[in-house]
Amino acid sequence: MLLRHTNKEIKPRKALTVNPAKTCQPIGAMYASLGIHNCLPHSHGSQGCCAYHRSALTRHFREPVMAATSSFTEGSSVFGGQANLVQAINTIFTTYEPDIIAVHTTCLSETIGDDVNQIAIKAVKDGKVPEGKHVIHASTPSYVGSHVTGFSNMTKAMAMYFSKSTGTPNGKFNIIPGYVEPSDMAEIKRLVKGMGITPILFPDTSNVLNGPMTGKYNMYPDGGVTAEELTATGDSIGTIALGATASADAARALDTRWKVPCQVQDLPIGLGATDRFIDALRKAAGVSVPDSITGERGQLLDIITDMHQYFYGKKVALAGDPDHLIPLVEFLLSIDMMPVHIVTGTPGKNFEKRIREMTDHLPYPVNVKAGGDLFQLHQWIKNEPVDLLMANTYGKYMAKDDDIPFVRMGFPILDRVGHSYFPTVCYKGGIRLLEKILDALLDRLDRDAPEESFELVL
Amino acid sequence: METISVLEDRKNQIYRKGQDSFDISCEKKSLAGAVSQRACVFCGSRVVLYPIADALHLIHGPIGCASYTWDIRGALSSGPELHRMSFSTDLSETDIVFGGEKKLEKALFELIEEYEPKAAFVYCTCIVGIIGDDVEAVCKKVAAKVGIPVLPVHSEGFKGTKKDGYKAACDALFKLIELNRKPEKQIPLSINILGEFNIGGETWIIKEYYRRMGIEVVAVMTGDGRVAEVQSAHRACLNVVQCSGSLTYLAKDMEKAYGIPYIRVSYFGIEDTSDALYDVAAFFEDTPKIMERTKTLVQEEVKTILPELSALKKDLTGKRAAIYVGGAFKAFSLIKALKHLGMAVVLVGSQTGNKDDYALLREMCDPGTVILDDANPLELAKYVMEKDAHLFIGGVKERPIAYKLGIGFCDHNHERKIPLVGFEGMENFAREVHETVTSPVWDLVPRKAFNRAISKKG
């Protein structure tokens, strides 16, 4: 009974968050920055922020995570962090030799009013930024939004800093994958290429945070979107942002600045959302869907029909990021499951609206909350038990306490591997997701079956 | 990775025994822009106080600081588990503008009513120091109403290093003791255990030794800690302090205030554990029975583990180890323990060591050993490769670096899952080292090529 402190009685809570379903902006910015080739993320704040973010990302990806910090002192918090940042830029370029430094702020540097843009300009003027190297930056105050907001802000910053328009379209397509696993980014790229489209995917952490073991330590792994690719985003024929929370801002900024037409789609999780993504690609690039992709779709559909009898009427509790949960709820509904409790830690009205649109017509009540926490989710579960829980690793407390089949999904996953190597997006990812859900449900069925009805064939 | 330059400003923080004149520079803030492995003040306070299981731990700040420290350190409790919940005031933008005092007050009242903790700790994060919340006043007000100690922990991240966080935690613990200071009788033949956090159940092992010696343990600070025990700490005869940095401040304060002397010990390795127990027994020399029992205990325990240690030693003799840990005191013990296993230490470093610590390290190490203060990953990787180590002992951020280099790893930090203290801890440690160093997986690594590259360089 790890969570013996969760009581059934739900009282309004205004002043506090218990067992959060989110974390702060800077870690999202750091994760996005790692998706740029030869880039060192830089945390403009106290040393602890950087250490915590690196540790959290390391635990999730099980890969070395590099980032530098301005190492604020009491002095810098009184007189401003300009001297620290200028020194840091100098140190980083001379010692760690990245091509790009991606600076994000913290609650501390935001509140004391450091103007990172001005400091970056000063660093260039003072000759601290070598020819051909770049310092980009995003404002990521920890007291606004969540880790997803930070990811969005840094993604927008990289597009705005690098993108240029030569006036000649390059025939490429910008794809913004959002706060997903490196494996998901690779899968989205594979599918887009399979459609005969050349993508510029940014940020791209594939081959950065799921790289191979080589016996060598590379500070800058092979993957990541390059500066040249980011520059070319202004000449692309279009942008598809996957997920309104993590990706829309960057796509809209490219539209406004360079008239690169953008559309915001749901993350391609499940059949319907992937169909819409493929269809959007088809229309925007004027290509047809190859048989290979139609075949993958058919396989996903095949598993759904093969196993649908086990999904029917199963109640599900969900916690995660808004961009993941919206298509996931749609997917679960389409296979006859019942998402009854849905929580995201990230604040924002659109999330609840989208979920309500999908669930209002259902004959059972659905609890949904943006800016909620896992304590609230657990209370809901205690009042209305579920057959399946899908959440990040922190869901395991609830799963253990209330003996609920559990599928790990989202960030962070601190106790299992595989998530950074196998996708959950697109048709292939849908197959994996179903496999995980089925495994959890059927393992439970087997475990609880009395001997006389313990079946070999399911 | 053929050449890695060392930061010019950091040259004095690196020492090679037998090559450089010894004047290591330490106890200074990390250079801005360095990829430091260090954390912040809050981190120091949080790890020290967190194991007190029947206290409320409320983190006053934006959500990140609470999220990153939610149950990541396996400090076990034999009873209540309130410490494993994550409580945060989750400050938002309006709170930053108008102040967070009201929110804090409300949160404290709500939580104390709900969970009836025996005391409450309020951790101040960076932002609280900047917006100027009078946390002291709020705590006083709440304490007066609810009748339990409500203590501010002044752990604003930018106000120093992790060490300053230890001090802030010690201040809070001292206040907690002071609040209960009645002229109570000293408990005969009793000690407090300081700087022991019950990772993997280590506190229980040590307490059992003292029980067998006939010594009463009044309070453990803070492993498997309880408020009432901490508040009786002033009744003990002796403070036994483990872990170099963290609780020496409290021992000094208690010596001044209550005349309780303290000794510094370590429970890692056979020599240090025996020394620790003998030192405590010697303190109670007026009761010679204690020394007799201690001698029997040590003999029995050593006899139990020696056969296995000798067997493991056969495989480990001549293997080389690199150590990078938080406190230097731990490094001393590890060097001794590794020598016991026939291994050579080729690199040793710490995040928070002082001049005396490094002088002692130098004496303990063989010629050629690299000694580092506040190292960055590039330096660690460089020397590990150069010295061709077989084993890396460190924390969460070092693990994937060791694995990328294709060498064994042993977590000697928060994330260890098995107890490493005492005699049985030494046996566990030896097994763990043996398992990883002799694992066949390293034969799969493209290691020979890597070794050739090294020998070319040398």
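Residues numbered from 1 in each chain as written. Chains lettered and ligands numbered in written order. Predicted model: local features only at pLDDT ≥ 70, side-chain atom pairs only at ≥ 80, totals over all residues. Heavy atoms only, no water.

1. As for the overall build of chain B
So, point 1. For chain B, the count of helices and strands is 18 helices and 14 strands.
So, point 2. Each principal axis of the C-alpha distribution contributes one length, and for chain B these read about 70 × 60 × 40 Å.
So, point 3. Across the 458 residues of chain B, 65% fall into the buried class.
So, point 4. Pairs at least 24 residues apart make up 74% of the contacts formed inside chain B by residues separated by at least 6 positions.
So, point 5. Averaged over its 59 positive side-chain charges, chain B has a centre that lies 3 Å from the centre of its 62 negative ones. (Helix = DSSP H or I, 4+ residues; strand = E, 2+ residues; numbered from the N terminus. Buried < 20%, exposed > 50% of the residue type's maximum accessible area, 1.4 Å probe, protein only. Contact = heavy atoms within 4.5 Å. Lys, Arg positive; Asp, Glu negative; His and termini not counted. Charge placed at Lys NZ, Arg CZ, Asp CG, Glu CD.)

2. Some thoughts on the overall build of chain A
So, point 1. Of the regular secondary structure elements, chain A holds 17 helices and 14 strands.
So, point 2. Computed over its C-alpha atoms, the radius of gyration of chain A comes to 23 Å, within 12% of the 23 Å expected for a compact globule of 458 residues.
So, point 3. Expressed as lengths along the three principal axes of its C-alpha atoms, the size of chain A is roughly 80 × 55 × 45 Å.
So, point 4. Per-residue burial for chain A yields a buried fraction of 61% across its 458 residues.
So, point 5. Across chain A, every contact between residues at least 6 apart in sequence was considered, and the portion connecting residues at least 24 apart equals 74%.
So, point 6. Of the roughly 17,000 Å² of accessible surface on chain A, a fraction of 51% belongs to carbon and sulfur atoms.
So, point 7. The distance from the centre of the 44 positive side-chain charges to the centre of the 49 negative ones in chain A is 5 Å. (Rg over C-alpha atoms; globule rule 2.2 N^0.38 Å. Areas by Shrake-Rupley, 256 points an atom, 1.4 Å probe, with all protein chains shown as cover.)

3. Comments concerning the domain arrangement of chain A
All names here are of chain A.
So, point 1. Split by domain assignment, chain A resolves into domain 1 (25–162), domain 2 (173–292) and domain 3 (307–451).
So, point 2. On a C-alpha basis, the centroid separation for the pair domain 2 and domain 3 is 25 Å.
So, point 3. Between domain 2 and domain 3, the contact holds 30 residues from the first and 25 residues from the second.
So, point 4. Of the roughly 2,200 Å² buried where domain 2 meets domain 3, counting both sides, 58% is carbon and sulfur surface.
So, point 5. Ranking the residues of domain 2 by area buried against domain 3 places Y179, E181 and I269 at the top, with a combined share of 27%.
So, point 6. Summed over the shared surface of domain 2 and domain 3, the number is 2 salt bridges.
So, point 7. E330 serves as the salt-bridge partner of R276, at 2.9 Å between the closest nitrogen and oxygen.
So, point 8. Inspection of the region where domain 2 meets domain 3 yields 15 residue pairs in polar contact (both at pLDDT 80 or more). (Domains from an automatic or database assignment. Buried area = accessible area lost by both parts, 1.4 Å probe. Salt bridge = Lys/Arg side-chain N within 4 Å of Asp/Glu carboxyl O. Polar contact = N/O pair within 3.5 Å; in protein donor to acceptor, adjacent residues only side chain to side chain.)

4. Re helix 13 (residues 328–340) of chain B
Residues and elements named next belong to chain B.
So, point 1. End to end, helix 13 covers 19 Å across 13 residues, agreeing with the expected 18 Å (1.5 Å per residue, within 8%).
So, point 2. Of the residues making up helix 13, those classed as buried are A328, F329, K330, A331, F332, S333, L334, I335, A337 and L338.
So, point 3. At the exit of helix 13 stands G342, carrying a positive phi of roughly 80°. (Expected span 1.5 Å × (residues − 1).)

5. A short note on the domain arrangement of chain B
Many authors give the size of an interface as the accessible area that is lost as the parts come together.
Residues and elements named next belong to chain B.
So, point 1. For chain B, the assigned domains read domain 1 (8–34 + 305–457), domain 2 (41–176) and domain 3 (190–301).
So, point 2. A combined buried area of about 2,000 Å² lies between domain 1 and domain 3, and 65% of that area is made up of carbon and sulfur atoms.
So, point 3. Three residues, F329, V421 and F423, lead the burial of domain 1 against domain 3; their summed loss comes to 38% of the area buried on that side.
So, point 4. Linking domain 1 with domain 3 are 1 salt bridge.
So, point 5. K336 serves as the salt-bridge partner of D272, at 2.5 Å between the closest nitrogen and oxygen.
So, point 6. Counting every contact that joins domain 1 to domain 3 gives 8 residue pairs in polar contact (both at pLDDT 80 or more).
So, point 7. Secondary-structure elements contributing two or more residues to the side of domain 1 that touches domain 3 are helix 12 (288–316), helix 13 and helix 17 (422–437).
So, point 8. If one sorts the elements of the side of domain 1 that touches domain 3 by residue count, helix 13 sits on top with 7 residues.
So, point 9. Its residues assigned to classes, the side of domain 1 that touches domain 3 comprises 11 nonpolar, 6 polar and 5 charged. (Nonpolar A, V, L, I, M, F, W, Y, C, P; charged D, E, K, R; others polar.)

6. Section: the packing of helix 7 (residues 162–178) of chain B against helix 10 (residues 248–258) of chain B
Residues and elements named next belong to chain B.
So, point 1. Contact geometry for helix 7 and helix 10: axes closest at 8 Å, N-to-C directions at 35°. Crossing of helix 7 against helix 10: the hand is right-handed. Here K163, Y166, K167, C170, D171, L173, F174, I177 and E178 of helix 7 come into contact with helix 10, specifically with Y249, L250, D253, M254, A257 and Y258. (Axes fitted to C-alpha atoms, helices over the stretch in contact; angles between N-to-C directions. Left-handed = near helix turned anticlockwise from the far one by under 90°.)

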